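Tertiary structure, described
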Amino acid sequence: MTAADLRIPADLLPADGRFGSGPSKVPDGRLEGLAATGRSLIGTSHRQPPVKQLVGRVRAGLSELFALPEGYEVVLGNGGSIAFFSLATYALIRERSQQVVYGEFAKKFASEAQAAPWLGDPTIVSAPHGTLAVPVAEESVDVYAWTHNETSTGVMSPVLRPDGATADQLTLVDATSAAGGLPLDVRQSDVYYFAPQKSFASDGGLWVALMSPAAIARAEEIAASGRHIPAFFGLADAIKQSRQDQTVNTPAVATLWLMAEQIDWMNGAGGLDGMVVRTTASSTALYDWAEASSYASPFVAEPAHRSLVVGTIELDPAIDRGVVMDVLRANGIVDVDAYRGVGTNQLRIAMYPSVDAADVTALTQCIDHVVAHL
Ligand SMILES: *Cc1c(COP(=O)(O)O)cnc(C)c1O
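Here the structure is a predicted model, which means the values were calculated and not measured.

Observations regarding the nonpolar core
Core analysis: the largest hydrophobic core is formed by 59 residues, its most contacted members being Leu62, Phe66, Tyr192, Phe194, Phe200 and Met259. When contributions to this core are tallied by element, the ones reaching two or more residues are α2 (49–65), β1 (73–78), β4 (143–147), β6 (155–156), β8 (191–194), β9 (206–211), α7 (253–268) and α8 (271–292). Counting residues per element, this core draws most heavily on α7, which supplies 8 residues. Each residue touching Phe66, except ones within four places of it in the same chain, is listed here: Ala179, Gly180, Leu184, Val186, Tyr192, Phe194, Phe200, Leu210 and Leu272.

Encoded structure:
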């Protein structure tokens, strides 16, 4: 018998074993709901009312979820969050940015900004994996970029304009895994951007940005400046198309439909506050278990920085994490792998709003069971 043959008793198993950080759990019934749209939506033109109404539903639902102030707009396009890094480099940074790097996703954006020959070298404010860095006021930058939730390390950040930042400096917040699961005062961000495959329980490939009037003005200013911007990264066009409930090029209609259903569910279940209650319950269950465990501990030392939506747990070096993951997977519990290169012997557990706290508790009991039987 190998470890993977270990059966976890059925009464310990979570009702749903998907704990991946993205693509993530899609609630039961959604795919059946998608199929039930029949011939009315999938397979029809994105320039006609059925799909435009769907885009409109996503935009209105997000405006409600994030209580968008007057003048903020929901803009969307193809490519996902990493494409948005490029888009920001072409279409939002005027001369120079400050990049706050405390994990692998922020590092990718910083590298893009560093490599862009039309921009000055960014200032990098960084902190080691498992800790937090925050933006600091700096006169010579026109963008501050940071991550609301570093999915690679399980560290979350406040979303606050740096003390002393000026009105002409934009705040760009990568909220790919945070949006919908962490508290937010959207007025603190000029561009709060994300993708649908995390808290929004849909598929990847789309970026969505909540943009302030100042950010929209910046995109229009740079578009008119003569800088070469490849069409795919044309944010000013994306703004125009979004106002018409369209995208510049063809979107994945099923992705939009799944996202719209999740947004409706969120708004009907207490909105963002209601979602934060859920992610707080899940993450409290996870971290309390790890604190009490003899062989597991939270990777993030500072409790206030431990993410409500992506938890990272270090295991005692004597435990083979690969075997634990194999056994869990063989029992239907999937995708608890650490991000590559983060931690020494780590599991990473997504606790997006769709995940039930009871399932997180069940997961911890399953891990205890596996470790006890290795
Ligand atoms: C998942 C993730 C990304 C990458 O998103 P894609 O849509 O795959 O490009 C970027 N940033 C953060 C914080 C993420 O969690």
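Following the structure, the description resumes.
Quick look at the pattern of salt bridges
Counted by the stated rule, this structure contains 15 salt bridges. In this structure, Glu221 engages Arg94 in a salt bridge whose closest nitrogen and oxygen atoms are separated by 2.7 Å. Taken together, the residues Glu221 in helix α5 (residues 213–223) and Arg94 in the loop between α3 (80–91) and β2 (97–101) connect sequence positions 127 residues apart. Taking relative accessible area as the criterion, Arg94 reaches 24% and is therefore assigned partly exposed. Each member of the salt-bridge network shares a partner with another, and the members are Arg57, Glu261 and Asp264.

Description of the sheet that holds β8
If you walk across this open sheet you meet the 7 strands as β1-β9-β8-β7-β4-β2-β3, and the pairing is mixed. Strand pairing shows two members of the sheet lacking a second neighbour, β1 and β3 (123–126), which therefore form its edges. The sheet shows a mean angle of 20° between the axes of neighbouring strands, direction not considered. Bridge analysis of β4 against strand β7 (residues 170–174) gives 5 bridges, and the strand direction is parallel.

Points about the packing of aromatic side chains
Each aromatic ring pair is specified by the distance between its two centres and by the angle formed by the two planes. What the rule picks out here adds up to 13 aromatic pairs. On the basis of an interplanar angle of 75° and a centroid distance of 6.3 Å, the ring pair of Trp289 and Tyr295 is categorised as edge-to-face. When its relative accessible area of 11% is taken as the criterion, Trp289 is described as buried. Taken together through their ring pairs, the aromatic side chains of Phe84, Phe85, Phe109, Tyr193 and Trp207 make up a single cluster. Sitting over the ring of Phe105, Lys198 keeps its end group 5.2 Å from the ring centre. Cation over ring: Arg306 sits above Tyr287, and NZ or CZ is 5.8 Å from the ring centre.

Here is what the cut-offs are and how they apply
- Residues numbered from 1 in each chain as written.
- Predicted model: local features only at pLDDT ≥ 70, side-chain atom pairs only at ≥ 80, totals over all residues.
- Heavy atoms only, no water.
- Core = buried A, V, L, I, M, F, W, Y, C linked by side-chain atoms within 4.5 Å.
- Buried < 20%, exposed > 50% of the residue type's maximum accessible area, 1.4 Å probe, protein only.
- Helix = DSSP H or I, 4+ residues; strand = E, 2+ residues; numbered from the N terminus.
- Contact = heavy atoms within 4.5 Å.
- Salt bridge = Lys/Arg side-chain N within 4 Å of Asp/Glu carboxyl O.
- Pairing = 2+ DSSP bridges.
- Axes fitted to C-alpha atoms, helices over the stretch in contact; angles between N-to-C directions.
- Phe/Tyr/Trp six-rings, centres within 6.5 Å; stacked < 30°, edge-to-face > 60°.
- Lys NZ or Arg CZ within 6 Å of the ring centre and 35° of its normal.

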